[in-house]
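Examining the three-dimensional arrangement
Each chain, written out:
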Amino acid sequence: MDYIIVIHFRQLKGNQSFALDHESANDFCTRLKMDQKEKLLFNGVHDTDGLTDFLYKIKRDFSIKIHYKADNNHENHHHHRHPDSHIMEFNDNCYIEFKPKHTHQPTSSSSVSTRRPFFQYPEPDLSADIGEETAASWLELFYDLFYVATLSEFTHSHHIKDWSSLALYAQWFIITWWAWCASSLYTARFDTDDVVHHIYKLVEMCAVVGMAGSSEYFLNSPGYVYGYITLKAVLVIEYLIVFIVALLAKSKSRVALSCYIAANLLSIALWAASLTMIENDIHRVLWYLGVLCEVLVNIIFRGDKTLSWAASHLAERLGLLSLIVLGENLMGLVNLVATAGTKFIIVYDRAYINHTNTNVFLLI
């Protein structure tokens, strides 16, 4: 049987030693289908850092899970595992779970705690979560409303009458749409639903409101730039926390996460530099270069299993946002019909058209 290997840490700690008995070591080698050379290499592994390095070296795919609370009762950490999984304890803080492939982990209807924690470590490795999609939270939906309100405000104040107004609308829409996408890409994968995450979202909402207030003259508005920089700064902090956890856990995702951080920092620098030339049209080049850097990083690492979007609810977020936008436009349509009323007046008159007296009916 083929297994998905998941290394669990009950607490986020540094390198930890372990010692397996002969029977457990043989079981571990058998489940990984090691050859004789790999078994000899495994004999020299005595700590968690050495274990992850060993698995990298023998090219076995694995993921890392970090639990948020210490618990002396080890069974509490196993209650969500698949019934066919095999657990192998390495020490008091580390154990390995062998999950059979092509199976789905059952969900539990019971809740361990109803109180929201202040801070939780985000998962640095999402490869074991593929197929276990979560639902969008009420906070995410509330956050989306701020972007819908911004879209509505800008649309009502900028009517598309010609190609020039269409180009202006497209410039604004690309930036606003990507600002939402970048935030949603993080939240859909690393949302811990703790108090700190809610604070991040509150700051982002304030930034979106600032951008909305400056949207009418966004091309030459420092407030619009400051709002976007604030969004990126929050994103840098969020990715930095995940990166630190990935470093401590020695997860493969640390490379991709470092690139996410670098791209957002570069974008912040470009947008900040645009403030020095805000009156010139060339500053827009810096804006879109920053956006392009962020987009490219997401495209480059889209196939990274450790940061897989397959375990996220991004598709649901896109669908719900579309519904909210359609609902807002439907309200406008209903208001238009209500304003126009339901009475039609037919006006009859005679007109002289093409040298002929003609009856004319006008529908008002």
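Cut-offs and rules
- Residues numbered from 1 in each chain as written.
- Predicted model: local features only at pLDDT ≥ 70, side-chain atom pairs only at ≥ 80, totals over all residues.
- Heavy atoms only, no water.
- Helix = DSSP H or I, 4+ residues; strand = E, 2+ residues; numbered from the N terminus.
- Expected span 1.5 Å × (residues − 1).
- Buried < 20%, exposed > 50% of the residue type's maximum accessible area, 1.4 Å probe, protein only.
- Contact = heavy atoms within 4.5 Å.
- Salt bridge = Lys/Arg side-chain N within 4 Å of Asp/Glu carboxyl O.
- Pairing = 2+ DSSP bridges.
- Phe/Tyr/Trp six-rings, centres within 6.5 Å; stacked < 30°, edge-to-face > 60°.
- Lys NZ or Arg CZ within 6 Å of the ring centre and 35° of its normal.
- Core = buried A, V, L, I, M, F, W, Y, C linked by side-chain atoms within 4.5 Å.
- Patch = residues over 30% accessible without salt bridge, like charges linked within 9 Å, V, L, I, M, F, W, Y side chains within 5 Å.
- Areas by Shrake-Rupley, 256 points an atom, 1.4 Å probe, with all protein chains shown as cover.
- UniProt positions renumbered as here; feature names shortened; annotations may be inferred.
- pLDDT = per-residue confidence, 0-100.
- Axes fitted to C-alpha atoms, helices over the stretch in contact; angles between N-to-C directions.

**Digging into helix α8 (residues 253–274)**
If you check α8, its first and last C-alpha atoms are 32 Å apart, about what 22 residues at 1.5 Å a residue would give, namely 32 Å. Those residues of α8 that sit buried are Ser253, Ala256, Leu257, Tyr260, Ile261, Ala263, Asn264, Ser267, Ile268, Leu270, Trp271 and Ser274. Looking at the buried positions of α8, the neighbouring elements they touch are α5 (163–190), α7 (222–249) and α9 (283–300).

**Quick word on the pattern of salt bridges**
Taken as a whole and judged by the stated rule, the model has 7 salt bridges. Note that aspartate 27 is salt-bridged to arginine 31, the shortest N-O span being 3.0 Å. One end of the pair, aspartate 27, and the other, arginine 31, are both in helix α1 (residues 22–31), 4 residues apart, so they sit about a helical turn from each other. Notably, a salt bridge pairs lysine 201 with glutamate 204, separated by 3.5 Å at the nearest N-O pair. Taken together, the residues span about one helical turn, with lysine 201 and glutamate 204 both in helix α6 (residues 195–213) at a distance of 3 residues. Glutamate 204 shares its class with lysine 201; the two are buried.

**Some details on the pairing of strand β2 (residues 62–66)**
Burial within β2 is extensive, with 5 of its 5 residues counted as buried. Neither face of β2 is left uncovered, since the one carrying Phe62, Ile64 and Ile66 and the one carrying Ser63 and Lys65 both have all their residues buried. Two strands pair when backbone bridges link them, and strand β1 (residues 3–9) and β2 are joined in this way by 5 bridges, in the parallel orientation. When the sheet's bridge partners are listed, phenylalanine 9 is paired in β2 with isoleucine 66.

**So, unusual backbone geometry**
In terms of backbone geometry, most residues other than glycine have negative phi values and most peptide bonds are trans. Unlike most non-glycine residues, lysine 33 shows phi in positive territory, near 55 degrees. Structurally, the position occupied by lysine 33 is in the loop between α1 and α2 (36–42). Residue lysine 33 is classed as exposed on the basis of its relative accessible area of 52%. One non-glycine residue, lysine 59, lies in the positive phi region at around 60 degrees. Looking at the element boundaries, lysine 59 is found in the loop between α3 (48–57) and β2.

**Topic: the packing of aromatic side chains**
With the rule as written, the count across this model stands at 27 aromatic pairs. The ring centre of phenylalanine 98 lies 5.7 Å from the NZ or CZ of arginine 31, which sits over that ring. Sitting above the plane of the tyrosine 143 ring, lysine 201 keeps its charged end 4.3 Å from the centroid.

**Concerning the nonpolar core**
One finds Trp271 and Trp287 to be the most contacted residues of the largest nonpolar core, which totals 51 residues. Where this core is concerned, the elements lending two or more residues are α4 (138–157), α5, α6, α7, α8, α9 and α10 (314–340). Per-element accounting of this core gives the leading share, 12 residues, to α5. Ranked by size, the runner-up nonpolar core spans 26 residues in total, among them Ile7, Phe28, Ile64 and Phe90.

**Points about the pairing of strand β3 (residues 86–89)**
Bridge count between β3 and strand β4 (residues 94–100): 4 bridges; the pairing is antiparallel. Bridging across to β4, isoleucine 87 finds its partner in glutamate 97. Taking the residues that link successive antiparallel strands as the turn, the β3-β4 hairpin has 4 residues.

**Section: a nonpolar patch on the surface**
On the surface, Ile282, Val285, Leu289, Leu292, Leu296, Ile299 and Ile300 cluster together into a nonpolar patch covering about 630 Å² of accessible area. Position of valine 285 among the secondary structure elements: in helix α9. According to the relative accessible area criterion, valine 285 is partly exposed, its value standing at 47%.

**Regarding the UniProt feature "transmembrane region" (unreviewed entry) in the chain**
Summarizing the sequence annotation, UniProt attributes the feature "transmembrane region" (unreviewed entry) to residues 166–187, 225–248, 255–273 and 285–301 in the numbering used throughout. Summarising residues 255–273: 100% helix, 0% strand, and an end-to-end C-alpha distance of 27 Å. Between the first and last C-alpha atoms of residues 285–301 the distance is 25 Å; the span itself is 94% helix and 0% strand.

**With respect to the side chain of lysine 250**
Mapped onto the elements, lysine 250 comes out in the loop between α7 and α8. Among residues more than four places away in sequence, those in contact with lysine 250 are Asp49, Thr52, Asp53, Tyr56 and Ile64.

**Side note on the confidence of the model for the chain**
Atomic detail in the predicted coordinates should be set aside for any region of low pLDDT. In this model, the chain carries an average pLDDT of 80, and 80% of its residues clear a pLDDT of 70 or more. Contacts of residues 103–112 to residues separated by more than four positions or lying in other chains number 13 contacts, the stretch itself having pLDDT below 50.

**Quick word on the environment of leucine 320**
Residue placement: leucine 320 occurs in helix α10. Taking the C-alpha atoms as reference, leucine 320 lies 8.8 Å from aspartate 144; in sequence the two are 176 residues apart. If sequence neighbours within four positions are ignored, leucine 320 has contacts with Ala136 and Leu141.

**Points about the sheet that holds β1**
Strand pairs in the sheet, formed through backbone hydrogen bonds, run parallel or antiparallel to each other. The strand order across the open sheet built from 4 strands is β2-β1-β4-β3, with neighbouring strands paired in mixed fashion. Of all strands in the sheet, those bounded by a partner on one side alone are β2 and β3. Going from strand to strand, the sheet's axes swing by 25 degrees on average, the running direction of each strand aside. Bridge count for β1 against β4 is 7 bridges, and the pairing is antiparallel. Bridge pairing in β4 places phenylalanine 9 opposite cysteine 94. The sheet contacts of α1 involve β1, β3 and β4, and relative to β3 the element is tilted by about 135 degrees. On the sheet, α3 packs against β1, β2 and β4 and is oriented at approximately 160 degrees with respect to β1.

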